[in-house]
Each structure stands twice: as structure tokens, then as C-alpha cells.
Amino acid sequence: MMEDSYKHQGMRRQLIATLKQKGIKDEKVLDVMGRIPRHYFFENAFLSHAYEDKAFPIGSGQTISQPYTVAFMTQLLHTKPGDKVLEIGTGSGYQAAVLCALGVDIYSIEYVKALHLSAADLLGQMGYRPKLFWGDGSKGLAAEAPYKGIIVTAGAPAVPQLLLEQLEIGGRLVIPVGNSKSQEMHRYTRVSASKVEKEVFSNFSFVPLKGKHGWSE
Ligand code: SAM
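The name an unreviewed UniProt entry assigns to the protein chain is Protein-L-isoaspartate O-methyltransferase, from the organism Persicobacter diffluens. Entered under Subcellular location (unreviewed entry) in the UniProt record, the comment concerning the protein chain runs "Cytoplasm". According to UniProt, the comment filed for the protein chain under the heading Function (unreviewed entry) is "Catalyzes the methyl esterification of L-isoaspartyl residues in peptides and proteins that result from spontaneous decomposition of normal L-aspartyl and L-asparaginyl residues. It plays a role in the repair and/or degradation of damaged proteins."

K.L.:
Which parts of the structure should I look at to understand helix α5 (residues 113-125)?
P.N.:
One turn of an α-helix holds 3.6 residues; hence residues three or four places apart share an orientation. Between its first and last C-alpha, α5 extends 19 Å over 13 residues, near the 18 Å set by a 1.5 Å rise per residue. Note on α5: the residue one or two positions beyond its end, Gly127, has a positive phi of about 90°.

K.L.:
Teacher, can you tell me more about the packing of aromatic side chains here?
P.N.:
The geometry of an aromatic ring pair comes down to the distance between the two centres and the angle between the two planes. Evaluation of the coordinates by the stated rule reveals 10 aromatic pairs. Plain terms: the ring middles of Phe46 and Phe56 are 5.8 Å apart, the flat faces sit at 40° to each other, and that makes the pair tilted. Highlighted residues: Phe46 in the loop between α2 (27-35) and β1 (56-59) and Phe56 in strand β1, separated in sequence by 10 residues. Look at Tyr68 and Phe72: their rings are 5.8 Å apart centre to centre, the planes differ by 35°, and that puts the pair in the tilted class. In this pair, Tyr68 and Phe72 both sit in helix α3 (residues 67-77), 4 residues apart, roughly one turn of the helix. Every member of this aromatic cluster is reached through a ring pair, and the members are Tyr68, Phe72, Phe201, Phe204 and Phe206. Looking at Arg38, its charged tip hangs above the ring of Tyr94, at a distance of 6.0 Å from the centre.

K.L.:
I'm lost on the pairing of strand β7 (residues 167-178) in this one. Help?
P.N.:
Consecutive side chains along a regular strand alternate between the two faces of the sheet. Across 4 bridges, strand β6 (residues 147-152) lies against β7 in parallel orientation. Bridge pairing in β7 places Gly149 opposite Arg172. Taken together, β7 and the strand that follows it, strand β8 (residues 183-190), pair antiparallel across an intervening segment of 4 residues.

K.L.:
Hey, could you run me through the sheet that holds strand β3 (residues 84-88) in this one?
P.N.:
Strand pairing in a sheet relies on backbone hydrogen bonds. The paired strands run either parallel or antiparallel. Read from one edge of the open sheet, 7 strands run β5-β4-β3-β6-β7-β8-β9, paired in mixed fashion. Only two strands of the sheet have a single neighbouring strand rather than two, namely β5 (131-134) and β9 (196-204). Each strand axis lies, on average, 15° off the axis of its neighbour in the sheet, ignoring direction. Judged from the 7 bridges that link them, β7 and β8 form a sheet pairing that is antiparallel. In the sheet register, Pro176 faces β8, and the bridge partner there is Met185. Relative to the sheet, α5 contacts β4 (105-110) and β5, its axis offset from that of β5 by approximately 165°.

Calculation criteria
Here, residues in each chain are numbered from 1, in the same order as that chain's written sequence. Only residues with pLDDT of at least 70 get local features here, since the model is predicted, and only at 80 or more are side-chain atom pairs given and counted; chain-wide, interface and lining totals rely on the full set of residues. Side-chain descriptors were evaluated using all non-hydrogen atoms of the structure, hydrogens and water having been removed beforehand. UniProt positions are given in the numbering used here, feature names are shortened, and annotations may be inferred rather than shown by experiment. Note on conventions: DSSP H or I runs of at least 4 residues are helices, E runs of at least 2 residues are strands, and numbering of each starts at the N terminus. Multiplying 1.5 Å by the helix residue count minus one yields the expected span of that helix. In this analysis, rings of Phe, Tyr and Trp, with Trp reduced to its six-membered ring, are considered paired at centre separations within 6.5 Å, and the interplanar angle assigns stacked below 30 degrees, edge-to-face beyond 60, and tilted for intermediate values. Two limits define a charge over a ring: the Lys NZ or Arg CZ must be within 6 Å of the ring centre, and within 35 degrees of the ring normal. Paired strands, as defined in this entry, are two strands with at least two bridges between them according to DSSP. Note on geometry: axes are C-alpha line fits, over the in-contact stretch for helices, and angles between N-to-C directions span 0 to 180 degrees. We call two residues in contact when some of their heavy atoms are within 4.5 Å.

Below, the structure written as C-alpha cells:
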């Protein structure tokens, strides 16, 4: 495990100040992001950039999301400790660590085996115990449904119906939807067995969601 020096902690405080300036208000989200060493999730080549508010490569053509995006989506998910949440796109494991630190019961699925294995190793070393799966998350994870929250950290061409079906009543799905360059952030809230409400937020740019209900490869 790398060290978490005073220098890292100082850079993290700066990053949290930036997130506040950009409009993130949820103090619990800011608090956990202020405590998790983001540099642990980085490849050596990019280590010096770990506290910039930017996305960076994590291998296999994928990225660790921009901190602002992680904070924005986590804020929209609006979790409470003990909530059962499904993440689609484990990637580096950083978003899963944020949710674990918020006390969420997290299930996270990743399409790329090498990323699934390295996230499992790192999160275990950090003392987090998310339930991690390797496979196609575009169809959700029906075996463990329903969920209080579902967070999709890759850009989808449309909202997979199966994900809406795996939300419990009161549950929220946060998902970027759009084309390959830009996606709107959508939040769907299941208000009853037959009704889902949709809200649309600003634009982001994600790597594509692959698999059966994502972009064809
Ligand atoms: N949440 C990640 C983090 O904190 O580092 C960011 C992930 S990156 C922006 C998106 C991830 O979604 C990639 O690791 C990619 O392999 C994964 N992905 C894409 N399509 C997927 C699918 N159908 N099922 C599961 N994971 C998928």
C-alpha cells in the first residue's frame, strides 16, 4: 500500500474546496472524498495528477472518473447507511470506495476482468468489503435485486429497462445517457410499482457502456 502523506492530504483538501466551488453541497460526500486517498487508484505514470479534478486512464482503455462527476452522481444517488446499491462499471474501484465509506451495502460489476481483479485487490487492502462481480452490468444484477440505488458509471445509448425493473419503490437510478461524445445525467426514481419519474441534469462525457444493453462493440 502506498503512503498517504501530508502532501497528499493537503492536495485532497484543495480538491474538496474546488468541488465545493463547483457546487457540490452534500457534506457527507465531501467528507468521504476528503478522506479517501485517490492516488491509490492511479497508475504510476499519472500519480502526480491524482488530485486534479480530471478523469485519467486506468488501463484497458478505461478511466477513473473526474472527482466532480463522482461527487455529483453520489449526491444524486442520495444514499443512507445500509442502502443496497448496485454500481455498473467498477473501473478503478474509487466510486465503490466512496459508497463503502458512506456505509452503503455495495454490489459492483465490471466488464473488464483485469480491472475487476485489480479493484478487488486494492479495495480489500484498504479494508473495504464491496461485493464485486465480473460480467455485463448493462442488464443489471437481477440475482441480488431490488436495489435502493443503481449508479452507472459509463455512458449508455438509452436507459436499459432491466435496470428500472431492479429498483425498489423509492429507489433511484443515476445514469449518463447520450451519444459517444456527450451524455446528459438522468435520475429515475421509482415512485410506485408502475411509475418512474425522470429528472435530467447537465452534460458529462463518459467511456461507453458495453454489453447487451450498451453500445455494440
Ligand atoms: N466507477 C469507476 C471508477 O471509480 O474508477 C469509473 C469507471 S469508468 C468511467 C467505466 C467503467 O465501466 C469501465 O471500467 C468499463 O470497463 C466499465 N463498463 C463498461 N461497460 C460495462 C458493462 N456492460 N458492465 C460492467 N462494466 C462496464
